[in-house]
Every structure is written in structure tokens, then in C-alpha cells.
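For reference, the chains in residue letters:
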Amino acid sequence: MKTFNEKCYDLLMQIPKGKITTYKLIAEALNTKAYLAVGNAMKNNPYVLTVPCHRVVHSNGNVGGYVKGIEKKIEILKSEGIDISNNKIINLKKYLFRF
DNA sequence: CCCTTGACCAAAC
DNA sequence: GGTTTGGCCAAGG
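Residues numbered from 1 in each chain as written. Chains lettered and ligands numbered in written order. Predicted model: local features only at pLDDT ≥ 70, side-chain atom pairs only at ≥ 80, totals over all residues. Heavy atoms only, no water.

K.L.:
Explain the packing of helix α1 (residues 4-13) against helix α3 (residues 35-44) here, please?
P.N.:
The relative placement of two packed helices comes down to the angle between their axes together with the axis-to-axis distance. Relative orientation of the contacting elements α1 and α3 amounts to 80°, with a least axis distance of 9 Å. By the angle between their axes, α1 is roughly perpendicular relative to α3. Across the interface between the two elements, Phe4, Asn5, Cys8, Tyr9 and Leu12 from α1 touch Ala37, Val38, Ala41, Met42 and Asn44 from α3. When its residues are assigned to classes, the contact of α1 with α3 shows eight nonpolar, two polar and no charged. (Axes fitted to C-alpha atoms, helices over the stretch in contact; angles between N-to-C directions. Helix = DSSP H or I, 4+ residues; strand = E, 2+ residues; numbered from the N terminus. Parallel < 35°, antiparallel > 145°, perpendicular 65-115°, else oblique. Contact = heavy atoms within 4.5 Å. Nonpolar A, V, L, I, M, F, W, Y, C, P; charged D, E, K, R; others polar.)

K.L.:
Sorry, what's going on with the nonpolar core here?
P.N.:
Cys8, Tyr9, Leu12, Ile26, Val38 and Met42 are the most contacted members of the largest nonpolar core, which has 16 residues in total. Looking at this core, the elements with two or more residues in it are α1, α2 (23-29) and α3. Not counting residues up to four positions away in its chain, the partners in contact with Ile26 are Cys8, Leu11, Leu12, Thr21, Val38, Val56 and Phe99. Listed in part, the 10 residues of the second largest apolar core include Val57, Ile89, Leu92 and Tyr95. (Core = buried A, V, L, I, M, F, W, Y, C linked by side-chain atoms within 4.5 Å. Buried < 20%, exposed > 50% of the residue type's maximum accessible area, 1.4 Å probe, protein only.)

Taken by themselves, the reported measurements are silent on function.
Okay, here's the thing in C-alpha cells:
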């Protein structure tokens, strides 16, 4: 049995470039409501080079957080073709990735 | 083993 | 439509 974190990382790795997901969806994919735990796993993120944690945002479209700083995260997402305004994803639904 | 801490979420105000 | 409130689960001290 993998740890909760590893399962999160597995899912994140499946996200293609230009797509994003939410903490909620990850939790749902794991059959749990541990939204907070997912966030925790991200901040721990021991696989920062393997797991694209910058492609994960809040359900309401808010960008959330990032180890390198929220602004840096926005910069990365923008470079992948995602429109962001006032620290929030414009069309979250449009870029949302389904597992 | 108890308590605290989160990069959360949905509903209520 | 911004802000507060209560609930949610896993990991770490």
C-alpha cells in the first residue's frame, strides 16, 4: 500500500502540459475527502522535479500556493497557455484535466 | 497516543 | 460577492 502522498504524486504525474486539476479532484480520485492532506502532500513534495505541483489549484480557481512563491506559479501556468487574473484561473473548467 | 497544522471546500452570513 | 464558520483527512511533533 502506497502512502497517501505517493498516490497523489502518481495522479499529478498524469497531468499533461497545458492542463490543470484541483485539490478536490485529487482527493476524489483517491476516494477520500482529505483535501487538506493533499495540500500537505504538495508542500512536502519530495519529487518536485517529477511532480508538476504547479498545475494544481483550488476548486474556486484560486491559484493556491507554491514553494517558489505564488507569483512564480502564475508565471509558469501562463507560459503553458492558461489565462490568469488577480491570482485566479479565468476558465478553470476549460483547462481542467479528468483522471 | 494526543494535539497541531495545512498550498482545502462548501455553505452560510 | 467578499468574509466567516464548521467540517474534512493525513502526517508530523
